[in-house]
Amino acid sequence: MLIKVQHEDFELSLVSDYFKQCGTEIGAVVTFTGLVRDFQHQPDDKERVEALTLEHYPGMTESVLTQLAEDAKSRWTLNEVVIIHRVGTLYPGDNIVLVATASAHRQDAFNGCQFIMDSLKTTAPFWKKEQTSHGARWVDAKQSDQSEVDKWLTQSAKEC
Amino acid sequence: MINVLFFAKYREQLNTDSLQLDADFSSVESLIDVLKTKGDTWQQVFSQSGLMVAVNQQMAKLNSALKDGDEVAFFPPVTGG
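Residues numbered from 1 in each chain as written. Chains lettered and ligands numbered in written order. Predicted model: local features only at pLDDT ≥ 70, side-chain atom pairs only at ≥ 80, totals over all residues.

**Overview of the sheet that holds strand E8 (residues 135-138) of chain A**
All names here are of chain A.
Item 1. The 4 strands are arranged E5-E3-E7-E8 in an open sheet whose pairing can be described as antiparallel. In the strand order of this sheet, the two ends are held by strand E5 (88-90) and E8, each with one partner. For this sheet, the mean angle separating the axes of adjacent strands, direction not counted, is 25°.
Item 2. Note: strand E3 (residues 49-56) against E5, 3 bridges, orientation antiparallel. Considered in E5, the bridge of Leu 54 is made with Gly 88. (Pairing = 2+ DSSP bridges. Helix = DSSP H or I, 4+ residues; strand = E, 2+ residues; numbered from the N terminus. Axes fitted to C-alpha atoms, helices over the stretch in contact; angles between N-to-C directions.)

Written as C-alpha cells, this is what we have:
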C-alpha cells in the first residue's frame, strides 16, 4: 500500500513502477487522476478559477486514506492500492489526486478505485480554496458527492 | 488540558488555528458551549449545521466523550479530491 500527502507533483508512471514490484498475480490496474479544472460555476458566472489552495489535517488525513484503502481491500480482492493527494497551491491543469488499484480481475479494480475516490471526497480532511478573478472563496461541499458515497453504503447493507 | 484545532474556513473566521483549554469537558457539546461564549463569531461558527468534529484524529459526534489530553478538531465539510 502506498499512501502519500505531498506538495510535489506525481507522474502516472509511478503506478506501474510500484505495481510491478508487487508480483505477477496482478491482472488489472485501474487509475483515477483528479485535476484542477478551470471551470465557471454557472453559465453566467464570469469568475474564473486562477488557482486552488488545498489545506489538510496532517496526521488525520493519512490515517483516513489508509483506512479507505483497508476498507476497499476488505470489500474487494485487491492486491495493492496507491493513493496520492497533493496539498498547497495548484493551478488549472495540475494533478490533485491519484487513486490506483491492482487486482487479479478488472471488476474488483474498477469498484475498489471508485469506492476509494467517492469516499475520499466526503471523509478525507482536505479543503479547497479557490482564487478567482473576483477574489478567494472556500469551496462548498456538494450534496452529489454525498449521494455517490451513500450508494456504496446502501450496497454494503445489501451484501450483508 | 484539551488541545483544540480549527481548519479551513473556521480557522479564518476565528482568526486562530488552535487553542489550549485547561478546563475539563465531559463531551464535545460541552466544549462547544464554552467556545460559543467567546464572542459573536464563535457563536456563529459553532451554530453552523455542517460543523464536523474529530477527536484524536477520528471522526466524532457532538455527544462524544472527552478526556484530559484529547485533541479536538473542528472543520467544515471536506472538499478534497
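Having seen it, we continue.
**So, the nonpolar core**
Item 1. By size, the foremost hydrophobic cluster in this structure holds 47 residues, and its most contacted members are Ile 83 and Ile 116 of chain A together with Phe 7 of chain B.
Item 2. Those residues within four positions of Ile 83 of chain A in sequence are excluded, and the remaining contacts are Ile 3, Leu 65, Ala 69, Val 99 and Ile 116 of chain A. (Core = buried A, V, L, I, M, F, W, Y, C linked by C-beta atoms within 7 Å. Buried ≥ 20, exposed ≤ 12 C-beta atoms within 10 Å, placed from the backbone. Contact = placed C-beta atoms within 7 Å.)

**Details of the pairing of strand E7 (residues 126-132) of chain A**
Residues and elements named next belong to chain A.
Item 1. Taken together, the 7 bridges between E3 and E7 define a ladder with antiparallel strand orientation. Paired with Leu 54 across the strands is Lys 128, a residue of E7.
Item 2. Summarising the sheet, E7 and E8 pair through 4 bridges and their orientation is antiparallel. Paired with Lys 129 across the two strands is Trp 138, which belongs to E8.
Item 3. Between E7 and E8, which pair antiparallel in sequence order, lie 2 residues.

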